[in-house]
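Structural description and commentary
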Amino acid sequence: MADHYEVLGVARDASPDEIKKAYRRLARQLHPDVNPGEDAAERFKLVTHAYDVLSDPDQRQRYDLGGDAGAFGGSGAGFGGFSDIFETFFGGGAGGTRAGRPRSRRERGQDALVRVDLTLGDVVFGVHRDIEVDTAVLCETCQGSCCQPGTQPVTCDICHGSGQIQRTVRSLLGNVVTSQPCTTCQGYGTTIPYPCSTCQGQGRVRARRTVSIDIPAGVETGLRLQLPGSGEVGPAGGPNGDLYLEVTVAAHDVFSRDGDDLLATLEVSMIDAILGTSVTIDSLDGPVDLEIRQGVQAGDELTIRGRGITPLRGEQRGDLRVGVQVVTPSHLDPKSRALVQELAKRTRPAPPHLAEFHPGLFSKLRGKFKR
Ligand code: ZN
């Protein structure tokens, strides 16, 4: 960071008066109102900071001994010093409100967030919901005017409607005028002699209301649906904020989701796997017939087209995919056991043997289908 003496263009033993003069000269030259360039604003900050430090005897001594009170944004004489001096010299206007412009009571309302719990079935087809929202609504009594019916705001006696109080302050640069929000009317320029008794002069009241919404198919947990203008009404009847619905989809006992597809496990007995069968399964759409081919293998995937989820943007539904899990009987009565042994004699199945590892086998059964 530049040396404060160099920034002000003064000697290290400059008197307080010389420092003050140097600062005045530079401030007149670099002040943003006079010199709107980016460089000038940057230099003005440096100059102001240098002046803040060197004009204070304690800080100057510390600086001379090698310890600066800190660069901008640090403690003490940082950017705060900048804007204070700025306003003292030039009458506010550091981007804030200028004299003669009262602020409005009407402001935009806040956004509201409501959580919505959905089932997977709701997600497949979309669902209509009536949602209770507890927010500010327009006060029926005063319609947002904040005044008792039949009365009106009156011009503030103190600031005469400008919303600002101006004060003349003596400073380095001579007499300057500062302005600050009027404390009597809080800068509104008017006061309300008879505030509406329903809303205590807020122009809005808290109320519970019902919002009807069609939640589209395909949403997922964490998604936020925005309903513009359905949030709370603003102070003094200002425009509504937005309403956001944050969706949570409950886990389903059977089905889980993979993109637009639905996944489930189909447990097939060893006998059905050997002989093949047909079965009716309960999909989220209702019953669906499914053929299980003779000799189906554990880990095979059966696809039922178009019985998945309707995407959020689009019409083409995903698929319902079921992974076959073959269930082997864990106990057989002696007669059944004898029959299986008879079968073994007839078919002479290959003894257990190692084969190439298929990574899909375990991930399909344990990972995908056991979620
Ligand atoms: Zn009211």
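Here is what the cut-offs are and how they apply
Residues numbered from 1 in each chain as written. Predicted model: local features only at pLDDT ≥ 70, side-chain atom pairs only at ≥ 80, totals over all residues. Heavy atoms only, no water. Helix = DSSP H or I, 4+ residues; strand = E, 2+ residues; numbered from the N terminus. Contact = heavy atoms within 4.5 Å. Areas by Shrake-Rupley, 256 points an atom, 1.4 Å probe, with all protein chains shown as cover. Donors = N, O, S within 2.8 Å, 3.2 Å for Na, K, Ca; no water. Tetrahedral: all angles 85-135°; square planar, octahedral: opposite > 155°, others 65-115°. Phe/Tyr/Trp six-rings, centres within 6.5 Å; stacked < 30°, edge-to-face > 60°. Buried < 20%, exposed > 50% of the residue type's maximum accessible area, 1.4 Å probe, protein only. pLDDT = per-residue confidence, 0-100. Axes fitted to C-alpha atoms, helices over the stretch in contact; angles between N-to-C directions. Parallel < 35°, antiparallel > 145°, perpendicular 65-115°, else oblique. Nonpolar A, V, L, I, M, F, W, Y, C, P; charged D, E, K, R; others polar. Patch = residues over 30% accessible without salt bridge, like charges linked within 9 Å, V, L, I, M, F, W, Y side chains within 5 Å. Salt bridge = Lys/Arg side-chain N within 4 Å of Asp/Glu carboxyl O. Core = buried A, V, L, I, M, F, W, Y, C linked by side-chain atoms within 4.5 Å. Domains from an automatic or database assignment. Polar contact = N/O pair within 3.5 Å; in protein donor to acceptor, adjacent residues only side chain to side chain.

The next subject is the overall build of the protein. Regarding its fold elements, the protein presents 9 helices and 15 strands. Contacts in the protein between residues at least 24 apart in sequence constitute 66% of all its contacts with a sequence separation of at least 6. As displayed, the protein has an accessible area near 22,300 Å², and 50% of this comes from carbon and sulfur atoms.

Looking now at the coordination of the zinc ion. Distances from the zinc ion to its protein donors, Cys139 (SG), Cys142 (SG), Cys196 (SG) and Cys199 (SG), fall at 2.3 to 2.4 Å. Geometry at the zinc ion is tetrahedral, judged from the 4 donor atoms that bind it and their angles of 105 to 117 degrees at the metal. Look at where the donors of the zinc ion fall in the sequence and you get C-x2-C-x53-C-x2-C. Highlighted residues: Cys139 in the loop between strand 2 (127-138) and strand 3 (154-155) and Cys196 in the loop between strand 6 (190-191) and strand 7 (204-215), separated in sequence by 57 residues.

We now examine the packing of aromatic side chains. Aromatic ring pairs are defined here through the distance separating the ring centres and the angle between the ring planes. On inspection of all chains with the given rule, the structure shows 1 aromatic pair. Residues Tyr23 and Tyr51 carry aromatic rings whose centres are separated by 4.2 Å and whose planes lie at 5 degrees to one another, so their mutual orientation is stacked. Of the two residues, Tyr23 sits in helix 2 (residues 16-30) while Tyr51 sits in helix 3 (residues 38-54), which places them 28 residues apart along the sequence. In terms of burial, Tyr23 and Tyr51 fall into one category: buried.

A few words on the confidence of the model for the protein. For the protein, per-residue confidence averages 85 on the pLDDT scale, and 87% of positions sit at 70 or higher. Segment residues 69-99 is flagged for pLDDT under 50; beyond a separation of four residues in sequence, or across chains, it makes 59 contacts in the model. Note on residues 364-371: pLDDT under 50 across the span, and 23 contacts to partners over four residues away in sequence or across chains.

Our focus in this paragraph is the packing of helix 3 against helix 4 (residues 57-64). Contact geometry of helix 3 with helix 4 gives a least axis separation of 6 Å together with a crossing angle of 100 degrees. With respect to helix 4, the element helix 3 is oriented roughly perpendicular. Facing helix 3, whose interface residues are Asp52, Val53 and Leu54, helix 4 presents Gln59, Arg60 and Tyr63. Of the residues contributing to the contact of helix 3 with helix 4, the split by class is 3 nonpolar, 1 polar and 2 charged.

What follows covers a nonpolar patch on the surface. A surface patch of nonpolar side chains, amounting to about 290 Å² of accessible area, comprises Ile271, Ile274 and Leu275. Along the chain, Leu275 falls in helix 7 (residues 270-275). For Leu275, a relative accessible area of 58% puts it in the exposed group.

In terms of nonpolar packing, the biggest core is built from 37 residues, with Ile215, Leu243, Leu245 and Leu266 touching the most fellow members. Summarising the domain contributions, this core has at least three residues from each of domain 2 (112-147 + 197-249) and domain 3 (256-369). When near neighbours in sequence (up to four residues on either side) are disregarded, Leu243 contacts Ala112, Val114, Val133, Val211, Leu225, Gln226, Leu227, Ser230 and Gly231.

This paragraph deals with the environment of Arg108. Along the polypeptide, Arg108 turns up in the loop between helix 5 (79-90) and strand 1 (112-118). Sequence spacing of Arg108 and Pro235 is 127 residues, and the spatial spacing of their C-alpha atoms is 7.1 Å. Beyond its immediate sequence surroundings of up to four residues, Arg108 is in contact with Gly234, Pro235, Pro239, Asn240, Gly241 and Asp242. A distance of 3.2 Å separates the side chain of Arg108 from the side chain of Asp111, its partner in a polar contact. Engagement of the side chain of Arg108 in a polar contact is seen with the side chain of Asp242, the distance being 3.5 Å.

At Cys146, a residue that is not glycine, the phi angle is positive and equals roughly 75 degrees. Mapping Cys146 onto the fold places it in the loop between strand 2 and strand 3. A positive phi angle, near 55 degrees, is found at Ala236, a position not held by glycine. Relative to the elements of secondary structure, Ala236 occurs in the loop between strand 8 (224-227) and strand 9 (243-249). Judged by its relative accessible area of 8%, Ala236 is buried.

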